[in-house]
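Spelled out from the first residue to the last, the chains are:
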Amino acid sequence: MKQLLYLFTIIIFFSCEEKPKKTQKIVVKTIRDSKYKNLLSKFKNISIDTLEVYSSEDYGKYRGIKMDSLDAILFPKEIAEAYFLEHDLYACYKFEINPTKIGLLARTPSMYVPSSIKLFIYNKIEDNISEYIELAESWGDAGDSTEKKSWIIKTKENKINALIKETESHDHSVEDENDTIVESWDKHYLIDLSTPKSDTLSKDSELLTKKFKLLLK
């Protein structure tokens, strides 16, 4: 009887033990299984240390490879719509942001010509382009102009950040040829691209100008 009672106690003890919690397994879709396979193949692989992103009249190293309508429909709706109006969308570069995200640099339609360089984030888990940020643009109209350029930076912690400088200006001589004043305003942004959703770290132009003075000189 004592042996049966002892055995019963042992069974109760082990049945009451806390079972280990199941860990959630992140499934990353492989590129060969992705509907974005053909699109991604058009972007040239690069590694990131510090990459300058700019917009220029001849497009420079951001001339890219022209994409077709099958590629365009995989982009966010507003980008696809701009493509079908302008028929200009170019694949430039791709790079790994972290194990679940790939950055895609593309030249896209803008006000007059395809001069806007945007960073699209391809999410491997969701198998889609989850967000995008404009990194470079240059245009002018009736005395007003905007120039945006950026630097993609790998930090010491192996995170990927984007430093954006945007300069807006107005030339008064367009309205009055005797008024030669040109006003300009600078804005700066530092964005962490490594977080699940890109996060603005700072909009403090004075602080960012001091911290990145070698890039922004």
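Basis of the calculations
- Residues numbered from 1 in each chain as written.
- Predicted model: local features only at pLDDT ≥ 70, side-chain atom pairs only at ≥ 80, totals over all residues.
- Heavy atoms only, no water.
- Phe/Tyr/Trp six-rings, centres within 6.5 Å; stacked < 30°, edge-to-face > 60°.
- Helix = DSSP H or I, 4+ residues; strand = E, 2+ residues; numbered from the N terminus.
- Buried < 20%, exposed > 50% of the residue type's maximum accessible area, 1.4 Å probe, protein only.
- Salt bridge = Lys/Arg side-chain N within 4 Å of Asp/Glu carboxyl O.

(A) Structural detail: the packing of aromatic side chains. Within this structure, the stated rule accounts for six aromatic pairs. For the ring pair Tyr62 and Tyr93, a centre distance of 5.7 Å and an interplane angle of 90 degrees mean the geometry is edge-to-face. Within this pair, whereas Tyr62 is found in the loop between strand E2 (50-53) and strand E3 (65-66), its partner Tyr93 is found in strand E4 (residues 90-98), the two being separated by 31 residues in sequence. Aromatic pair Phe120 and Tyr132: ring centres 5.3 Å apart, planes at 35 degrees, arrangement tilted. Taken together, the positions of Phe120 in strand E6 (residues 116-123) and Tyr132 in strand E7 (residues 128-141) put the pair twelve residues apart, joining distant regions of the chain. The exposure class assigned to Tyr132 is partly exposed, which follows from its relative accessible area of 28%.

(B) Region of the structure containing the pattern of salt bridges. Tallying each qualifying case throughout the model produces seven salt bridges. Salt-bridge contacts for Lys42 lead to Asp71; the nearest nitrogen and oxygen are separated by 2.5 Å. One end of the pair, Lys42, is in the loop between helix H2 (37-41) and strand E1 (44-45); the other, Asp71, is in helix H3 (residues 69-72), and 29 residues separate them in sequence. Asp71 matches Lys42 in its accessibility class, with the two residues each being buried. Residues Glu52 and Lys149 are paired through a salt bridge, measuring 2.8 Å at the closest nitrogen-oxygen approach. In this pair, Glu52 is assigned in strand E2 and Lys149 in strand E8 (residues 144-154), connecting sequence segments 97 residues apart. A relative accessible area of 30% means that Glu52 is categorised as partly exposed. Residues joined in a network through salt bridges with shared partners are Lys42, Asp68 and Asp71.

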